[in-house]
Amino acid sequence: MGSKTKIIRTVTGLRTQVNKWKKLGKSIALVPTMGALHAGHLSLVRLAHKKADIVIVSIFVNPTQFGKNEDLSKYPRTEKQDKEKLEQLDVDLIFAPNADQIYPDGFSTSIHVSGVTAPLCGQSRPTHFSGVATIVAKLLLQTQPDIAIFGEKDFQQLLLIRQVVSDLNIPVKIIGGPIVRESDGLAMSSRNTYLSEHHRAIAPLIYKTLKSTAKKLTNGEQPGKCISEAVKTLTDAGFKIDYLELRDSKKLSSFNSAIDQPARLFIACNLGKTRLIDNIKVTPPK
Ligand code: AMP
C-alpha cells in the first residue's frame, strides 16, 4: 500500500504510459474528477481497482462546465492532499493536465447532448452539460480506458455520459458508483466545504426529506402532494429550492400518472450561496 503515484500533465505522456500497460495486456480504468477529493471520489477509485488492473484518476477543474456567475475561481484546489489520498489507494497514475492540453489556443469544439440534459440542472445551468460532455469525451479519448467510473451523486451527468459514449461510439464501458454520504446523511461533495457552520448543521435535512418522500411515494401517496410537502419543509428550514422532481431513471421523463417504472427523486437547492444536489431511488408502489 501507498506506493509512489506518478503525475502526468501531458496527453503524450499519458498515451505513452497507457500504451505500455496495454501492451502488457492490462485493463485500464479511468476515474475523472475535479480534485478536492473526499470519500465519495475514493469509493470510485476502490470500485475501479475491483474492475481493472490499472487505475488512472484525472484531476482537472474544467472551466467550461462552470457558468459565468458560478464558483470556478473559488473551487477548492488541493492537489498535494489529493495525491497523498490516491497514493494510499495505490492509484497507478494521476492525469492532471495543464490547461493547454485540454483547451489549446483555437479550441472550437463543443458537444451538445439533447434529451437527458433538458430538465433538472439543464434548466438552471444551461451551458453546464455541454462543458461536461466535451471534457469527458476528451478525457476518454485521451486516455482510452476500458472502463470509466462516475458517481450516481451526479445522476443526470451519468446518463449524459452514457448517451455521449453510445452516440459517438467511444469504446469504453461506463460504470456508476453509489452515492457516499456523511454519517448524518449529507451527500459528500467538494462544495460542502463552502457551507457555514449553521448551514452545515441543517444540510442533512436534504437527504432526510428525500428519504421520507421516497417512502411516501412507494406507499402510493400522490406525487404532487408529497413533493409540495417536501418543498415546504425545506423552504421553511431556509433552503432555496431550485428543483425537487420525480423522474424516471433512464430518460428523466416526468410521470403523467402512476409511477410505473424505476424512478428517482432529484433535488438541487441553495443554502446561502452554496448549491447542493442529491437524488434517491424511488421504488414504484406495488
Ligand atoms: P467531481 O470532482 O465533483 O467532478 O466528481 C468526480 C466524480 O466523483 C463524479 O463522477 C461524481 O459523480 C463523483 N462523486 C462526487 N461526489 C460523490 C459522492 N458523494 N458519492 C459518489 N460519487 C461522488
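What this report covers is the structure whose coordinates are included nearby. These figures come from a predicted structure and were not determined experimentally. (Residues numbered from 1 in each chain as written. Predicted model: local features only at pLDDT ≥ 70, side-chain atom pairs only at ≥ 80, totals over all residues. Heavy atoms only, no water.)

1. Re the sheet that holds strand 4 (residues 93-95)
This is how the line gets drawn: A pair of strands is considered paired only if DSSP assigns at least 2 bridges between the two. Secondary structure follows DSSP: runs of H or I at least 4 residues long count as helices, runs of E at least 2 residues long count as strands, and numbering of each begins at the N terminus. Geometry is summarised by axes, namely lines fitted to C-alpha atoms with helices restricted to the contacting stretch, and by angles between N-to-C directions that run from 0 to 180 degrees.
Spatial strand order, 1-4-3-2-5-6: six strands in an open sheet with parallel pairing. Each edge of the open sheet carries a strand with a single partner, namely strand 1 (6-8) and strand 6 (173-177). The average angle at which neighbouring strand axes cross in this sheet is 25°, direction not considered. Direction of pairing for strand 2 (residues 28-33) relative to strand 5 (residues 147-151): parallel, over a ladder of two bridges. Across the sheet, residue Leu30 finds its bridge partner in strand 5, namely Ala148.

2. A look at the state of the cysteines
We apply this condition: Two cysteine sulfur atoms make up a disulfide if the distance between them is within 2.5 Å. The cut-offs for exposure are 20% and 50% of the maximum accessible area for each residue type, with area from a 1.4 Å probe on protein chains only; residues under the lower value are buried, those over the upper are exposed, and the others partly exposed.
For the structure on display, the rule yields zero disulfides. Left unpaired, Cys226 is separated from the closest cysteine sulfur, that of Cys269, by 18 Å. Of the residues examined, Cys226 reaches a relative accessible area of 1% and is grouped as buried. There is no disulfide at Cys269, and the cysteine sulfur nearest it, in Cys121, is 11 Å away.

3. Brief notes about the nonpolar core
Quick note on the threshold: What is meant by a nonpolar core is a set of buried Ala, Val, Leu, Ile, Met, Phe, Trp, Tyr and Cys residues, joined one to another through side-chain atoms within 4.5 Å. The contact rule is simple, with two residues in contact once any of their heavy atoms fall within 4.5 Å.
Ile56, Leu140, Leu160 and Ile174 are the most contacted members of the largest nonpolar core, which totals 43 residues. At the level of secondary structure, the elements contributing two or more residues to this core comprise helix 1 (11-23), strand 2, strand 3 (54-59), strand 4, helix 6 (128-143), strand 5, helix 7 (155-167) and strand 8 (263-271). Top element by residues in this core is helix 6. It accounts for eight residues. Once residues lying within four places of it in the same chain are set aside, the contact partners of Leu140 are Leu30, Pro145, Ala148, Val165, Ile170 and Val172. Among the nonpolar cores identified, the runner-up in size contains 26 residues, and Ala203, Ile227, Ile259 and Val282 belong to it.

4. Thoughts on the site of the ligand
Where we set the bar: Here a residue counts as near a molecule or strand whenever at least one of its heavy atoms sits within 4 Å of it. What qualifies as a polar contact is a pair of N or O atoms within 3.5 Å, subject to a donor-acceptor requirement within protein and to the restriction that residues adjacent in sequence count only when both atoms come from side chains. Note on areas: these come from Shrake-Rupley sampling with a 1.4 Å probe, and a residue is covered only by the protein chains present in the view.
Near the ligand, the surroundings consist of 17 residues, among which His41, Gly151, Asp154, Val180 and Met188 are the closest. Residue Asp154 places a side-chain N or O atom 2.6 Å away from an oxygen atom belonging to the ligand. Look at the ligand: alone it shows 490 Å² of surface, and the protein chains cover 93% of it. Of all the elements in the fold, those that place two or more residues in the shell around the ligand are strand 2, helix 2 (39-51) and strand 5. Top contributing element to the shell around the ligand by residue count: helix 2, with three residues.

5. Observations concerning the packing of aromatic side chains
Worth spelling out the cut-off: The rule is short: rings of Phe, Tyr and Trp, with Trp giving its six-membered ring, pair when the centres are within 6.5 Å, and they are stacked under 30 degrees, edge-to-face over 60, tilted in between. For a lysine, the NZ atom is tested; for an arginine, the CZ atom; a charge sits over a ring if that atom is within 6 Å of the ring centre and within 35 degrees of the ring normal.
Scanning all chains against the criterion turns up four aromatic pairs. Seen in terms of ring centroids, Phe66 and Tyr75 are 5.7 Å apart; in terms of plane orientation they differ by 80°. Their pairing is edge-to-face. In this structure Phe66 comes out as buried when scored by relative accessible area, which is 7%. Members of the aromatic cluster, each reached through a chain of ring pairs, are Phe60, Tyr103 and Phe107. Residue placement shows Lys74 over the ring face of Tyr194; its charged tip is 4.1 Å from the ring centre. It is Arg181 that lies over the ring of Tyr207; its NZ or CZ is 3.5 Å from the centre.

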